[in-house]
Amino acid sequence: MGGAGWLFLFSVLMAAGLLFTMVFFIIMFSDLECDYINPIDLCNRLNQFVLPENIAHAFLTVLFLLSGQWIAFLLNLPLVLYNGNKIRNKNHMYDATEIFRTLSGHKKESFMKLGFYLLSFFYYLYRMIVALISESE
Amino acid sequence: MASPSQQLPPGWAAEWDPTTQRYLFTEPSTGRSQWEVPTPTPATLIDHGPSVSPPLPATHHTKRRQYAAGQTQAYYGTNDGLGDQYGTLGVQQQQHPAATAQLFTPGLAAEGGFAGQQQVPYYPPPQEPQYINAPGFGQEPAYHPPNAPIHHLTDQFGQMGMGQKPLHLQTTNLLTSPPDPRELIHPPPEIRLPPNACITSSPFANADPSYQRCTVNAIPTTSSLLNKSKIPLGLVITPYRTVKEGEQQVPVVTDTVIARCRRCRTYINPYVQFIDNGNRWRCCMCSMSNEVPQLFDWDQTRNQPGDRWARDELNHSVVEFVAPTEYMVRPPQPAVYVILIDVSHTAVQSGMVATATRTILENLDRIPNDDERTKVAIIAYDTSLYFFSMPPGTTESTMLVVSDVDDVFLPKPTDLLVNLTEARQSLESLLGRINDMFQDNHTIGSAIGPALQAGFKLMAPIGGKIIVLSSSLPNIGAGALKNREDLKVLGTSKESGLLQAASPFYKTFAIECSRAQVSVDMFLFSAAYQDVASLACLPHYTSGQTYFYPAFNAARSEDAIKFAHEFGEVLAMPIMLEAVMRVRASKGLRMASFHGNFFVRSTDLLAMPAVPTDQSYAIEIQIEDTLTQPFVVLQTAVLHTTCQGERRIRVITLALPTTSSLSEVFASADQVAIATLLANKAVERSLTHKLEDARDAVHQRLVEVLSSYKSSMTSAGAGANAQLAISENLKMLPVLVLGLLKNVGIRQSAQIPPDLRAYAQALLTSLPSQTLIPYIHPTFYSLHNMPPEAGTVGEQGVTLPTPLPLTSERLERHGLYLIEDGQTIFLWIGRDAVPRLVMDVFNLPNYEVLRGGKTTLPVLDNEFSQRVNAIIQKTREMRRGVYYPHLYVVKEDGEPPLRLWALSCLIQDRADVLPSYQQFIGQLKDKVNGANNY
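Residues numbered from 1 in each chain as written. Chains lettered and ligands numbered in written order. Predicted model: local features only at pLDDT ≥ 70, side-chain atom pairs only at ≥ 80, totals over all residues. Heavy atoms only, no water.

Asks: Mind showing me how you'd approach the UniProt feature "transmembrane region" (unreviewed entry) in chain A here?
Replies: Residue and element names in this part refer to chain A. In the numbering adopted here, UniProt assigns the feature "transmembrane region" (unreviewed entry) to residues 7–29, 55–82 and 114–134. The span residues 55–82 is 89% helix and 0% strand, and its two end C-alpha atoms sit 13 Å from each other. Within residues 114–134, the helical portion is 100% and the strand portion 0%, while the C-alpha atoms at the span's ends are 30 Å from each other. (UniProt positions renumbered as here; feature names shortened; annotations may be inferred. Helix = DSSP H or I, 4+ residues; strand = E, 2+ residues; numbered from the N terminus.)

In structure tokens, the structure reads:
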């Protein structure tokens, strides 16, 4: 198995991990709506995952860049820029005092990311298989 | 109007005239016909308010129709009703100086030579002042004598035989009817519940507007109907308003029998239904059938069967239950006060420390301490922390200095937080000495964050109130802030950044405080930039309040008195501890968003560690499902611990009818509540977006309401129209919105320091309607020609003059005026004021030697001075809240900043880029017409 195969195998695993993070986020948000968790605990818990998630995603994008996977890189670039911009404006963390006002926005964002990771998961899977097939030929 | 025949008064008929394409209205019984929509007679009465005695001659009715047409040239100057007194007043006044220039003294004028000349035009009809002098608008009617205004109004309705009929919509044209400030004191439109909605006939069964008021008093049944009207639906709640002497106390149910719905947890109230021979009750919100508790009909004090119908919770909309142990997480805690005093060089030099310690000393007896459990701690701070240990049994205290502010620790585990009664003597001696101890302190800097952390550590196990007194920008330890005031940013879109917290410390610490049931009050004194916006975050999320005294200097006695008064009131305030508030509503309604000082702990639970009195909260309501019931109930419940150590639940129930008619929604709209809600929304929007957006949103909302009214309620429909129509009860909304747009909190200007803006925003989101309305729409009196009874003690305390419209056209060169917004009082004196007037009021020989600025008015041995003082005194006392307004004397040709400040209160004038009222109305009209033209 060559470089591309390994790379996409790794990406598939990463995308799966990110996917699960997003599912976790969404579950937590709906818990908040149903009053199973208070906003302080929610923010404390979710904020632990915000930066790791962003870093993991950025790391994956950098890997694509270094290995010259241009299409995969360009696909991921907008999200990296979006996350970077949020960190630069210091509003990437969830704020317990504002959470109820911004909840619908956060939920929407999490769903979008979920969809994006799902699509990229299948894309990486496809690319991995393609890479493996081309190698075996 | 789509089908005018539906809206006609009895006896009238509408005929379509094909030649003119209009409706012709005829009254067959009298043979009259006219093009205008006839107005029913009762409406004439409502229109003119209770000032007009009920039996109006029929001529008035016909005259009313000419009103609009004849008024264009006579804006403020017609010869009937209100215009009479305003218009001729001006004319009469101008004659005075000419005729009797050397003699004119206002005080004597009323009784002396001018009496005959003045009496006719100078003051309103004798019934009028009832409203103005009622102890504050929106109080429960039954507390007044029978001739009180609300009764008056309801009597009128009764006479008209309108009974339970829907409210009548009275259209008025904004272009021709100038705003009358007296309308703001009118009670909101009547709540007309269907018959038998309430199970008792108690007059207190529905909540008084001062406790809870809704923006519309008839809830639309569907959200599409609400959207069509464009009126924002919301609730304005002041659950813990002060009860003045003579008002009814909140009844307390002491037998701990608390009947609640099993499903929706609603408390039993006057709108439930008893079924099954009174053994069960049906919840008014979710229709669940519940069992009546066994002891509900048992009088536990006398141990005999009691009368169910006499129970307070079935007769009163505002009621307090004593809560049993199920409602407690822990035994009721004592009240705890930790006072953090800034003792840095600037604080000591400004006299703040001396004034503060003296005020605490004087108010030790007033601090709530009925159960003798109240605990107090005092921590002084500059760049270090100074703790005072007061061991029991001694009268001395020892000071412990902690200079490590990076990792705050308590120097001693005990004796720092002491029992107020036990340590009374040591506290007294300590308070007497603090100012001397730090007299020579030359340290500059403020470690407010570490001081807060120390105070928090001290009281965290119990909870309570931290009162912070601070004179400078915090610059050491946690929560240190930078001076970010940038004059270049003011007036630009980046300005809203300056209104947000600069350091996350203030938000995270606020959350910690909220968890530990600690509330923070901020008293800020700095002359320089202090970042009020960041500091105000703490009170905002912990249900405290921010008080701001810019450039405080105790050497000016006015500053010292103001601060001492307000600080004393805050200390003496009977706070509610460890409170949570929840608003429940009938099925189909949902509380969508919350505004005010609290922390939202779950979707509908507001956490308030200590509820101060007279703080208001606004809640937006969404209509989720179609409302099928004839009326809805909105119930606010505040579970709290009183400072006497009793766990209680305060329940406020408001029942409102539902309606499917748009005209009724408009007719029942409450302009005061709408303005309060809009103020809250505007401030929130200015923080999340930009100030510009906030102003646009408010303005846009008003345009939408007007457009919707025009297209659905007037005959003009979609086309352009020369009128700008709105219902009579919303007549003041445009001027209130204009006042809001011109308020320091959101005004368009590049001159307003961010500190003042942040403070104004804190006020806009926390003041109850009674104080907020004057804050956005100040009161303006003319004193030199006030009626003779003004300023004297009448039936309802000191009689106030009639408020004037807020325009500088009213200012005359020889006059004396009072402008007040609840936070400041301006005494405006014209440049041609006669020496006698100056002598009578200020005890100075003439206008030239009079100095403008903060003053205390002398009480002189003449009637006029005493009346002016009485009016100022009344102005300071009449509203709920701790505020003690400063009095500024403003000379017409005095220093420009003060003059401009006073003039900025006259919101109907053009100021800088902001439009005058006429221009504003003109803009609105263009927008409304434009909006419908596409």
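Right, picking up where we left off after that structure.
Asks: What am I meant to see in the nonpolar core here?
Replies: Proteins that are soluble and globular tend to have nonpolar side chains buried together. One finds Ile219, Leu452, Leu469 and Phe523 of chain B to be the most contacted residues of the largest nonpolar core, which totals 195 residues. In this structure, Leu452 of chain B is in contact with Leu340, Ile466, Val468, Phe505, Phe509, Val520, Met522 and Leu538 of chain B, ignoring residues within four places of it in sequence. Counting residues in hydrophobic clusters, the runner-up holds 38 residues, among them Ile37, Ile40, Ala96 and Leu103 of chain A. (Core = buried A, V, L, I, M, F, W, Y, C linked by side-chain atoms within 4.5 Å. Buried < 20%, exposed > 50% of the residue type's maximum accessible area, 1.4 Å probe, protein only. Contact = heavy atoms within 4.5 Å.)

Asks: Whenever I open this one, the pairing of strand 15 (residues 336–342) of chain B confuses me. Can you help?
Replies: For a regular strand, side chains alternate in direction, first toward one face of the sheet and then toward the other. All names here are of chain B. Among the 7 residues in strand 15, 7 count as buried, and that is most of the element. Both faces of strand 15 are covered, namely the face carrying Val336, Val338, Leu340 and Asp342 and the face carrying Tyr337, Ile339 and Ile341. Across 7 bridges, strand 15 lies against strand 16 (residues 375–381) in parallel orientation. If you follow Asp342 over to strand 16, its bridge partner there is Tyr381. Across 5 bridges, strand 15 lies against strand 20 (residues 464–470) in parallel orientation. Its bridge partner being in strand 20, Leu340 is matched across the sheet by Val468. (Pairing = 2+ DSSP bridges.)

Asks: Would you take a moment to explain the pattern of salt bridges for this structure?
Replies: A side chain with one charge may pair with a side chain of the opposite charge, provided their charged atoms come close. All names here are of chain B. Scanning the model with the defined rule gives 42 salt bridges over all chains in all. One salt bridge connects Glu190 with Arg192, and the closest N-O pair in it is separated by 2.9 Å. For Glu190, a relative accessible area of 29% translates into the label partly exposed. Between Arg311 and Asp255 there is a salt bridge whose closest N-O contact spans 3.1 Å. Of this pair, Arg311 sits in the loop between strand 13 (304–305) and helix 9 (312–315) while Asp255 is found in the loop between strand 8 (252–253) and strand 9 (273–275), placing the two residues 56 residues apart along the sequence. By relative accessible area, Arg311 is classed as buried at 9%. When its relative accessible area of 15% is taken as the criterion, Asp255 is described as buried. (Salt bridge = Lys/Arg side-chain N within 4 Å of Asp/Glu carboxyl O.)

Asks: How should the interface of chain A and chain B be read in this particular structure?
Replies: A common way to express how large an interface is: the accessible area buried when the components associate. Listed by partner, the interface residues are 13 residues for chain A and 12 residues for chain B. Buried area between chain A and chain B, both sides added, is near 1,200 Å², and the carbon and sulfur share of it is 59%. Of all residues in chain A, Ile40, Thr97 and Arg101 of chain A give up the largest surface area on contact with chain B, accounting jointly for 45% of the area buried on that side. For the pair chain A and chain B, the number of links is 5 salt bridges. Of the charged contacts in the structure, one is a salt bridge between Glu98 of chain A and Lys507 of chain B, with a shortest N-O distance of 3.9 Å. Broken down by secondary-structure element, the contributors of at least two residues to the side of chain A that touches chain B are helix 1 (3–33), helix 2 (39–66) and helix 4 (99–136) of chain A. The biggest single contributor to the side of chain A that touches chain B is helix 2 of chain A, with 3 residues. Here the residues of the side of chain A that touches chain B are counted per class, giving 5 nonpolar, 2 polar and 6 charged. (Buried area = accessible area lost by both parts, 1.4 Å probe. Nonpolar A, V, L, I, M, F, W, Y, C, P; charged D, E, K, R; others polar.)

Asks: Looking at this structure, I do not really get the sheet that holds strand 24 (residues 589–595) of chain B. What am I missing?
Replies: Sheet strands associate in pairs through backbone hydrogen bonding, adopting either a parallel or an antiparallel arrangement. Residues and elements named next belong to chain B. Ordered by their spatial adjacency, 4 strands build an open sheet running 5-7-27-24, and the pairing between neighbours is antiparallel. Of all strands in the sheet, those bounded by a partner on one side alone are strand 5 (212–214) and strand 24. With strand direction ignored, the average angle separating the axes of adjacent strands in the sheet is 25 degrees. Pairing of strand 24 with strand 27 (residues 617–623) involves 6 bridges; the strand directions are antiparallel. Note that in strand 27 the partner of Ser593 across the bridge is Glu620. The sheet strands contacting helix 20 (residues 671–688) are strand 5, strand 7 (234–237), strand 24 and strand 27, and the helix crosses strand 27 at an angle near 95 degrees. (Axes fitted to C-alpha atoms, helices over the stretch in contact; angles between N-to-C directions.)

Asks: What's the story with the side chain of Ser865 of chain B in this structure? I'm lost.
Replies: By secondary structure assignment, the location of Ser865 of chain B is in helix 26 (residues 863–877). With near-sequence residues (within four places) excluded, Ser865 of chain B lies in contact with Asp840, Pro858, Val859 and Leu860 of chain B.

Asks: What should I look at first to understand the sheet that holds strand 11 (residues 289–291) of chain B in this one?
Replies: All names here are of chain B. The strand order across the open sheet formed by 3 strands is 9-10-11, and the pairing between neighbours is antiparallel. Two strands lie at the open edges of the sheet, namely strand 9 and strand 11, each paired on one side alone. Averaged over neighbouring strand pairs, the angle between their axes works out to 35 degrees when direction is ignored. Of the pairings in the sheet, the one linking strand 9 to strand 10 (residues 280–282) comprises 3 bridges and is antiparallel in character. Looking at strand 10, one finds that Phe274 is bridged to Trp281.

Asks: Got a minute to help me understand the environment of Tyr271 of chain B in this structure?
Replies: All names here are of chain B. Along the polypeptide, Tyr271 turns up in the loop between strand 8 and strand 9. A relative accessible area of 4% places Tyr271 in the buried class. The spatial distance from the C-alpha of Tyr271 to the C-alpha of Val489 is 54 Å, given a sequence separation of 218 residues. A polar contact is formed between the side chain of Tyr271 and the backbone oxygen of Ala205, at a distance of 2.9 Å. (Polar contact = N/O pair within 3.5 Å; in protein donor to acceptor, adjacent residues only side chain to side chain.)

Asks: Would you mind going over the state of the cysteines with me for this structure?
Replies: Cysteine pairs can be covalently joined through their sulfur atoms, and such a bond is termed a disulfide. Inspection of every chain in the model, using the stated rule, returns 0 disulfides over all chains. Take Cys198 of chain B: it sits in no disulfide, and the sulfur closest to it among the cysteines is that of Cys284 of chain B, at 11 Å. (Disulfide = S-S within 2.5 Å.)

Asks: Can you help me understand the domain arrangement of chain B in this one?
Replies: All names here are of chain B. Domain annotation of chain B identifies domain 1 (212–329 + 577–658), domain 2 (336–573) and domain 3 (778–905). Centre-to-centre, using C-alpha coordinates, domain 1 lies 43 Å away from domain 3. Taken together, the contact between domain 1 and domain 3 spans 5 residues of the former and 5 residues of the latter. When domain 1 packs against domain 3, the two sides together hide about 340 Å² of surface, and 42% of this comes from carbon and sulfur. Looking at the side of domain 1 facing domain 3, the largest losses of area belong to Arg241, Lys244 and Asp614, adding up to 81% of the total buried there. Joining domain 1 to domain 3, the criterion identifies 0 salt bridges. The interface formed by domain 1 and domain 3 contains 1 residue pair in polar contact (both at pLDDT 80 or more). (Domains from an automatic or database assignment.)

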